[in-house]
Amino acid sequence: MNDLERIRGEVLAEAAAAADLDALEQVRVAALGKKGRITALMKTLGGMGPDERREAGAALNLLKDAVAAALEARKADLDRAALNQRLERERIDVTLPARPEAEGRIHPISQTLDEIVAIFGAMGFAVAEGPDIEDDFHNFTALNFPPGHPARLMHDTFFFPEREGGDRYLLRTHTSPVQVRTMLGTKPPIRIIAPGRTYRCDSDMTHTPMFHQVEGLVIDEATHMGHLKGCLVEFVRTYFEIDDVPARFRPSFFPFTEPSAEMDIGCSRKGGELRIGAGSDWLEILGCGMVHPNVLKACGIDPDKYQGFAFGMGIERIAMLKYGIPDLRTFFDSDLRWLRHYGFSALDVPTLPGGLAR
Ligand code: PHE
């Protein structure tokens, strides 16, 4: 009997001392496994007389149950401890922001485009798009460039090889073909802007073969030059975030508008530094005019009933002016250091109430 008490004490002590589940399993095997010490004692029951066996059997069963229960309890403890350890190790602060700092930056072209869309969107303009690869009709003919007109040459067009029948596709030299596509596709009233890529065979400090423009087009029965001026003055003030930017309109020429004008905004170049706003100088920022009746006709719109204005401006140019970017070519260098410096946070979407650029 004393033996059993001793064994019980030893096994319970071993179980209590087992530091992990593996050690505890070894304790169990040594006591209750096939070759365990308690199992060995059970085997001796077979050689006993009936009275002796009943007594010893009852005692051994008590021992076995007590040991099994102690092992079970210790296992539960170790399981719990292992789980707690794991929870501690894999602890996550779920209150942290999902992306503490977005790695990518918004390119100044995209930023400027988003700002332009926000401003004209608030004035009720929809965004229209057209293909980069155009044909002669949409890029020139429908826009009142007669065949052989010198203005065609001024566009430094990239042409594709001639196709059968003599015509050839080209890379659009301006976003004005989207005017044509819009007028052919929808009935007035029309009020759209058309941002996108444009191409001219030209490359130096202030020209890249690919650049971006945004076109504007308003067609209805009553829109006149006063609306054109008001709309564009409102645009430059909101875009540059300067309430009193002076603006002036100079007569100009485009085949697709009559009259045509170029818009200048006030600036100062004192000390070699360009500042937008009141000053003694002027800076040209866009071309505009009243849509030429020939263009309306070419697009199936009755020029006796409908009229309106159009404008077009270079996106890189106004981005450079607003964000003080000195060299046009750097826009397309894909230099990450440049992008980190001039780029914008992906999470600050430009809106009029929220602010355009932060
Ligand atoms: N398409 C002209 C250009 O690229 C700009 C413009 C658009 C002028 C609309 C007047 C009206 O130079």
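A closer look at the state of the cysteines
- Evaluation of the coordinates by the stated rule reveals zero disulfides.
- No disulfide involves Cys231; its sulfur sits 9.9 Å from the nearest other cysteine sulfur, which is in Cys288.
- Judged by relative accessible area, Cys231 falls into the buried class, the value being 10%.
- The exposure class assigned to Cys288 is buried, which follows from its relative accessible area of 1%.

Some details on a nonpolar patch on the surface
- Among the surface-exposed residues, Ile133, Phe160 and Tyr169 lie close enough to one another that they form a single nonpolar patch of about 260 Å² accessible area.
- Locating Tyr169 in the fold gives a position in the loop between α7 (150-154) and β4 (170-171).

Remarks on helix α9 (residues 225-240)
- Compared with the 22 Å implied by 1.5 Å per residue over 16 residues, the 23 Å span of α9 between its first and last C-alpha is a close match.
- Within α9 the residues assigned to the buried category are Leu228, Cys231, Leu232, Val233, Phe235, Val236, Tyr239 and Phe240.
- At the exit of α9 stands Glu241, carrying a positive phi of roughly 55 degrees.

What about the site of the ligand?
- Around the ligand lies a shell of 14 residues, among which His174, Ser176, Arg200, Gln213 and Glu215 are the nearest.
- Between a nitrogen atom of the ligand and a side-chain N or O atom of Ser176, the distance comes to 2.9 Å.
- Note that an oxygen atom of the ligand is positioned 3.1 Å from one of the side-chain N or O atoms of Arg200.
- The protein chains hide 90% of the 330 Å² of surface that the ligand would expose on its own.
- Most atoms of the ligand, that is more than half of them, are within 2 Å of grid points of the largest pocket.

Brief notes about the domain arrangement of the protein
- Parsing the protein into structural domains produces domain 1 (4-89) and domain 2 (108-342).
- Between domain 1 and domain 2, the C-alpha centre-to-centre distance is 88 Å.

A short note on unusual backbone geometry
- Residue Pro189 is reached from Pro188 by a cis peptide bond, and omega for that bond is 5 degrees.
- By secondary structure assignment, the location of Pro189 is in the loop between α8 (177-185) and β5 (190-199).
- Residue Glu241 is not a glycine yet carries a positive backbone phi of 55 degrees.
- The topology assignment puts Glu241 in the loop between α9 and β7 (247-254).

Structural notes on the nonpolar core
- Counting 45 residues, the largest nonpolar core has Phe120, Phe235, Ile265 and Phe311 as its most contacted members.
- For this core, the secondary structure elements donating two or more residues are α5 (108-122), β6 (210-220), α9, β8 (257-268), β10 (281-291), β11 (307-314), α11 (315-323) and α12 (336-342).
- No other element matches α9, which puts eight residues into this core.
- In terms of nonpolar packing, the next biggest core, distinct from the first, is built from 23 residues, Leu143, Phe145, Phe256 and Val291 among them.

Criteria and cut-off values
- Residues numbered from 1 in each chain as written.
- Predicted model: local features only at pLDDT ≥ 70, side-chain atom pairs only at ≥ 80, totals over all residues.
- Heavy atoms only, no water.
- Disulfide = S-S within 2.5 Å.
- Buried < 20%, exposed > 50% of the residue type's maximum accessible area, 1.4 Å probe, protein only.
- Patch = residues over 30% accessible without salt bridge, like charges linked within 9 Å, V, L, I, M, F, W, Y side chains within 5 Å.
- Areas by Shrake-Rupley, 256 points an atom, 1.4 Å probe, with all protein chains shown as cover.
- Salt bridge = Lys/Arg side-chain N within 4 Å of Asp/Glu carboxyl O.
- Helix = DSSP H or I, 4+ residues; strand = E, 2+ residues; numbered from the N terminus.
- Expected span 1.5 Å × (residues − 1).
- Near = heavy atom within 4 Å.
- Polar contact = N/O pair within 3.5 Å; in protein donor to acceptor, adjacent residues only side chain to side chain.
- 1 Å grid on protein atoms, 1.4 Å probe; cavity = no way out; pocket = protein on both sides within 12 Å on 5 of 7 lines; lining within 4 Å.
- Sits in = over half its atoms within 2 Å of the grid points.
- Domains from an automatic or database assignment.
- Core = buried A, V, L, I, M, F, W, Y, C linked by side-chain atoms within 4.5 Å.

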